[in-house]
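# Summary of the model geometry
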Amino acid sequence: MGSSNPEGAELPPPPPIPPNVVPIVAGEKPLELINKPSPPKRVPMKRPGIGSKGQRISLLTNHFKVGLNKSNAEFYHYSIAMQYDDGTEVDGKGIGRKVLDKVKDTYSVELENKDFAYDGEKSLFTVGQLPHKKLDFTVVLDDISSSRSRTNGGSGGSYSLEETQGDRKRVKQSFQSKTIKVQVNFAAKIPMQAIANALRGQDSDHFQEAVRVLDIIIRQNAAKQGCLLVRQSFFHNNPRNFIELGGGVLGCRGFHSSFRATQGGLSLNMDVSTTMIVKPGPVLNFLMENQNVKTPYQIDWNKAKRMLKNLKVETYASKMEYKITGLSDKPCKQQTFFLKSKGGQDGDGEEITVYEYFAQHKHMQLRDSADFPCINVGKPKKPSYFPLELCNLVSLQRYTKALSNLQRASLVEKSRQKPQERMSTLRDALKSSKYEADMMLHSSGISIGTEFMQVEGRVLSAPRLKVGNGEDFSPRNGRWNFNNKKLVEPVKLECWAVVNFSARCDVRFLVNTMIKCGDMKGISIDHPFDVFEENIQNRRESALSRVEKMFEYIKSKLPGPPQFLLCILPERKNSDIYGPWKRKNLSDVGIVTQCIAPTKVNDQYITNVLLKINAKLGGINSLLMVEHSPSLPLVSKSPTLILGMDVSHGSPGRSDVPSIAAVVSSRKWPLISRYRAAVRTQSPKVEMIANLFKPVSDKEDQGIIKELLLDFYTTSNNRKPEQIIIFRDGVSESQFNQVLNVELDQIIEACKFLDESWCPKFMVIIAQKNHHTKFFQAGGSPDNVPPGTIIDNKVCHPKNNDFYLCSHAGMIGTTRPTHYHVLYDELGFSADDLQELVHSLSYVYQRSTTAISVVAPVCYAHLAAAQMSQFIKFDEISEAASSQGGSGGVTVAGAVPVQELPRLHKSVVNSMFFC
């Protein structure tokens, strides 16, 4: 039993209508005008050509060729309505698949033996039409109390639980009747020809709908095998796929499977996928593990109530499955309910405790749950209790809360796979899916190949880097070091101090190593003015109090503000001092700071720390030779601003936590290695950046872009950018038009607000990491593809301008390429020049001596958002925001008032504080 939503997200409530707004009545406009939005001003550009630079390399990709043998066939879409015989609507998300399977078995003649694909809710698809546009059926189900399969999959009669945010709604436990009326109504016709047209690069109105039907078919295939369905990822109930993460949480390995249109034709993209599930088994064991306690008497029952709500349990007594609605107020020995007498009149019976009921009437002696609350599976006004020890959590229930650092590290470590191991897993997944036996795929004329698609890539040469003393060199295998090299622009560290919150660190050895390593790299480091040790008595106080007292101590000793403070934290991960310390330094007093928590101090560790310090204080560690010359195509010829944009969201399920929008911008043109950041909060879970342009009067704009444009102007010899290249992270293909027509419009307006006659040229590029395409070396090589591998053919979009780039050296697991979509280009880049620029921007990251997997501006935007989010304790945001936001839904922009971030101090606002 359960509810599901194939899109994986619970819809938010509609926003309230402001009192001064008169709603438009739908009947006042023709229906076609309401349903058809006006076409966007800008659409993603077509591919102008493919690149040719680099050494060619043969690759395999996890796309499988799809044969389209009935392109003249048509899908027919029907809407499904289900009611009990008393007229009550059936929640199809709970038992829909069982009902539709019963309809197929009972009424095969009336359906002319047609196969269909059902999405688990209210849509059904057939190849060719049903006999009538409207059909009515009545079916009787023997058992509709639960839709979860208790098998490990394989049989056609078993069913999955489609687990999504929508599933966490409470579902009725008692059904009015087992007789269900099903109404099937024709809704639309979807031509398969739309797919063939899209593959030829033609615009096709029905392409997305046709591919969605194919995706629903393979979801149905997985559902019949008893899988947990999470959008297009499928997870079998097989303990061999489970990964122990601690805290009562398991990683569950499955696979993603979806159809993609590519230059090489339609393909099925399959990849390994992992989701988190609650550890199945006794509820008491789970709670002790989840709260890290040794006995049930140590359990925090308020936490337990929040954790257990909406999870499903199977009871020993009835072997039935129930959804938990809460816990009893009293322990099992004291919690009473009214037990009706058998055969007596209404009102006959007695008050009895849950404990006595199971002992006297069920002859079950409870050992472990008499002193603890009972699990409630009933309604608020009609509770139904079970003792804890009689309840087992069922398998394949998603765990949607944020993982701890330890859990996340464990998940990454245990789920990574080398290229050949991943390929083997995918071959097994394809084989076990048995797509060749799926009747719906067969009747659609779809055949799926069994071999990885072959593609040709090119390996771009690493750009030459310039370091100190006039030297330059070429990185090898995406890596380099500063052994016997000096930084290109080292700083002088003169007035600085060490602040020590840790009792374990040997500060003298640390400082001496810093001075020695700094000298080797060209950084002149004086001895620190002082080392400020925390008073032991302060260690039990709050983090905020510890930081304030430390600053009072520093002020009393230092003659004036220091140039830099090195802060030694007590814990390596998630120190609660980090946020208050960063806020105090960067926002309140304007001091550059570097936090460390060293476990082992050596030259390599200290050199890496010095790279960050040098960048934060305005130095440069290394430069591209082409920016030093300067000889970057197009970028070096005209003043060019490079932007990196990202939005980071709060933990899953926390819609009261604001999202953080960060935009970083290049400065000191013609350089492309120096950046600064502007960061703002905005409404939770909103991906589009809200404050790019924010006019507060006719003459004042408080938006992000104005701030960055003025900085570029003042640092680039009073030159306005004539070209603006935008790298946008974190958006899906469905949001491309919003980036092009909402965000880009805001940026243009910000430019016009400063100078109405100013018309810079724009380029917009999306950087996607969250996709499922992987590449492997042909010929069985155990290694990842080499750094600099680029693919812009066969597996790319049939029409749009996109390419995949593996810029970094994948040392562990399988390399994940970045998928770049070039949406807009007024600059006129050739394919080779643009790909070289993107590749080069992976080598200007000042924090490390490796090429990174995505362009540095995007990486910096992510770092800036993450660091600034530490400034505010979002857990303390008002209840008003929480109640308006709901739980887990998407919040409409502007619906929730958000807490603003404190502004950076003028002394550090232009620094690379995020390094």
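Quick caveat, the model's predicted, so the values are computed rather than measured. Throughout, a residue's number is its position along its own chain's written sequence, starting from 1. Confidence filtering applies because this is a predicted model: local features only for residues at pLDDT of at least 70, side-chain atom pairs given and counted only at 80 or more, and all residues used for totals across whole chains, interfaces and linings. Think of the side-chain values as coming from all heavy atoms in the structure, minus any hydrogens and water.

### Description of the overall build of the protein
The following threshold applies: By the criteria applied, helices consist of DSSP H or I runs no shorter than four residues and strands consist of E runs no shorter than two, each listed in order from the N terminus. For the exposure calls, accessible area comes from a 1.4 Å probe over protein chains only, and a residue counts as buried if that area is under 20% of its type's maximum, exposed if over 50%, partly exposed in between. Any pair of residues with heavy atoms lying within 4.5 Å of one another is described as a contacting pair. Using a 1.4 Å probe, accessible areas were evaluated by the Shrake-Rupley method; residue-level cover was limited to the displayed protein chains.
Assigned secondary structure in the protein consists of 20 helices and 39 strands. Put simply, the protein has 915 residues, and 54% of those count as buried. Within the protein, contacts between residues separated by at least 24 positions form 74% of all contacts whose residues are at least 6 apart in sequence. Accessible area for the protein stands at about 41600 Å²; split by element, carbon and sulfur atoms hold 48% of it.

### So, the packing of helix α11 (residues 507-521) against helix α14 (residues 603-616)
Applied cut-off: Here an axis means a line fitted to C-alpha atoms, over the contact stretch when the element is a helix, while the angle between two N-to-C directions is reported on a 0 to 180 degree scale. Between 65 and 115 degrees an angle is taken as roughly perpendicular, under 35 as roughly parallel, over 145 as roughly antiparallel, and anywhere else as oblique. We call a crossing left-handed when the near helix sits turned anticlockwise from the far one by less than a right angle, and right-handed when that turn is clockwise. Under the scheme applied here, ten amino acids are nonpolar (Ala, Val, Leu, Ile, Met, Phe, Trp, Tyr, Cys and Pro), four are charged (Asp, Glu, Lys and Arg), and all others, including Gly, are polar.
The N-to-C vectors of α11 and α14 enclose an angle of 70°; their axes lie 9 Å apart at closest approach. The angle between α11 and α14 falls in the class roughly perpendicular. Remark: the crossing between α11 and α14 carries right-handed chirality. Mapping the contact onto sequence places Leu510, Thr513, Met514, Lys516, Cys517, Gly518 and Lys521 in α11 and Asp603, Ile606, Thr607, Leu610 and Ile613 in α14. Here the contact of α11 with α14 is composed, by residue class, of 6 nonpolar, 3 polar and 3 charged.

### Here's the deal with the side chain of Asp438
Using the following cut-off: Whenever two N or O atoms come within 3.5 Å, that pair is a polar contact, provided that in protein one can donate a hydrogen and the other can accept it, and provided that, for residues adjacent in sequence, both atoms are side-chain atoms.
By the element assignment, Asp438 lies in the loop between α9 (419-433) and α10 (439-443). In this structure the side chain of Asp438 is engaged in a polar contact, spanning 3.0 Å, whose partner is the backbone nitrogen of Leu441. Every residue in contact with Asp438, bar those within four places of it in the chain, is listed here: Ile217 and Asn221.

### Topic: the nonpolar core
Selection criterion: To define a nonpolar core, start from buried Ala, Val, Leu, Ile, Met, Phe, Trp, Tyr and Cys residues and group those joined through side-chain atoms within 4.5 Å.
In terms of nonpolar packing, the biggest core is built from 85 residues, with Ile725 and Tyr860 touching the most fellow members. Excluding anything up to four places from it in sequence, Ile725 contacts Val635, Thr640, Leu641, Ile642, Leu643, Met763, Ile765, Leu827, Phe829 and Leu837.

### Some thoughts on the pairing of strand β10 (residues 249-262)
Just so we agree on the cut-off: Whether two strands pair comes down to DSSP finding at least two bridges between them.
Burial analysis of β10 places 13 of its 14 residues in the buried class, the great majority of the element. Taken together, the 2 bridges between strand β8 (residues 233-235) and β10 define a ladder with antiparallel strand orientation. By the bridge assignment for β10, Ser233 is matched with His256. Following strand β9 (residues 242-246), the chain reverses through 2 residues before pairing antiparallel with β10; Gly247 in that reversal takes a positive phi of roughly 70°. Here 14 bridges tie β10 to strand β11 (residues 265-278), and the two strands are oriented antiparallel to one another. Considered in β11, the bridge of Ser257 is made with Met270. Taken together, β10 and the strand that follows it, β11, pair antiparallel across an intervening segment of 2 residues.

### Overview of the sheet that holds strand β2 (residues 74-84)
Spatial strand order, β3-β4-β2-β6-β5: 5 strands in an open sheet with antiparallel pairing. Where the open sheet ends on each side, the last strands, each with one partner, are β3 (116-118) and β5 (134-140). Geometrically, the sheet is characterised by an average inter-axis angle of 30° between neighbouring strands, direction not taken into account. Where β2 meets strand β4 (residues 123-127), 5 bridges bridge the pair, whose relative direction is antiparallel. Note on β4: the bridge partner recorded for Tyr78 is Leu124. Sitting on the sheet, helix α4 (residues 207-223) touches β2, β3, β4 and β6 (179-191), and the angle it makes with β3 is about 85°.

### Remarks on α11
Condition: Expected span of a helix, by definition, is 1.5 Å for each gap between consecutive residues, and there is one gap fewer than residues.
In this model, α11 (15 residues) spans 21 Å end to end at C-alpha, consistent with the 21 Å of a helix rising 1.5 Å per residue. If you check which residues of α11 are buried, you get Val507, Leu510, Val511, Thr513, Met514, Ile515, Cys517, Gly518 and Lys521. The elements touched by buried residues of α11 are β25 (496-500), β26 (524-525), β27 (531-533), β28 (564-568), β29 (592-596) and α14.

### Regarding the packing of helix α5 (residues 283-291) against helix α6 (residues 301-308)
Viewed as axis vectors pointing N to C, α5 and α6 meet at an angle of 110°, and their least axial separation amounts to 11 Å. One way to sum up the angle between α5 and α6 is to call them roughly perpendicular. Crossing of α5 against α6: the hand is right-handed. Residue-level contacts link Val283, Leu284, Phe286, Leu287, Asn290 and Gln291 of α5 to Trp301, Lys303, Ala304, Met307 and Leu308 of α6. Each residue belonging to the contact of α5 with α6 can be placed in one class, and the counts come to 8 nonpolar, 2 polar and 1 charged.

### Examining the sheet that holds β27
Pairing is parallel across the open sheet formed by 4 strands, whose spatial order is β27-β25-β28-β29. Looking along the sheet, the strands with just one partner apiece sit at the ends: β27 and β29. For this sheet, the mean inter-axis angle between neighbouring strands, taken without regard to orientation, is 20°. Across 5 bridges, the pairing between β28 and β29 is parallel. Within β29, the residue paired with Cys567 across the bridge is Cys595. In this fold α11 packs onto β25, β27, β28 and β29, with an angle of close to 145° to the strand it touches most, β25.

### Things to note about helix α8 (residues 405-415)
Filter applied, for reference: For this quantity, the arc is that covered by the directions from the helix axis to the C-beta atoms.
Buried residues of α8: Gln407, Ser410, Leu411 and Ser415, and no others. Projection of α8 onto a plane perpendicular to its axis shows the buried side chains occupying an angular sector of 105°, all on one side. Opposite its buried face, α8 presents the exposed residues Leu406 and Glu413, each directed more than 90 degrees away. Buried residues along α8 sit in contact with β9, β10 and β11.

### Overview of the side chain of Lys774
Within the secondary structure, Lys774 sits in the loop between β35 (761-768) and β36 (775-777). Side chain to side chain, Lys774 and Asp271 meet in a polar contact 2.9 Å long. Leaving out residues up to four positions away in the same chain, Lys774 has contacts with Leu60, Thr61, Asn62, Asp271, Arg422, Thr814, Thr815, Arg816 and Pro817.

### Focus: unusual backbone geometry
The amide bond that connects Ser629 to the next residue, Pro630, takes the cis arrangement and shows omega of -15°. With respect to the secondary-structure elements, Pro630 resides in the loop between α15 (625-628) and β31 (640-648). In this structure, the amide linkage connecting Trp669 to the following residue, Pro670, adopts the cis form with an omega of 15°. Within the element layout of this structure, Pro670 appears in the loop between β32 (659-666) and β33 (675-682). Unusually for a residue other than glycine, Arg231 sits at a positive phi of about 55°. Inspection of the secondary structure puts Arg231 in the loop between β7 (228-230) and β8. Accessibility expressed as a relative area gives 42% for Arg231, which makes it partly exposed. Of note, Lys794 is a non-glycine position whose phi angle comes to about 60°, a positive value. Mapped onto the elements, Lys794 comes out in the loop between β37 (789-791) and β38 (802-806).

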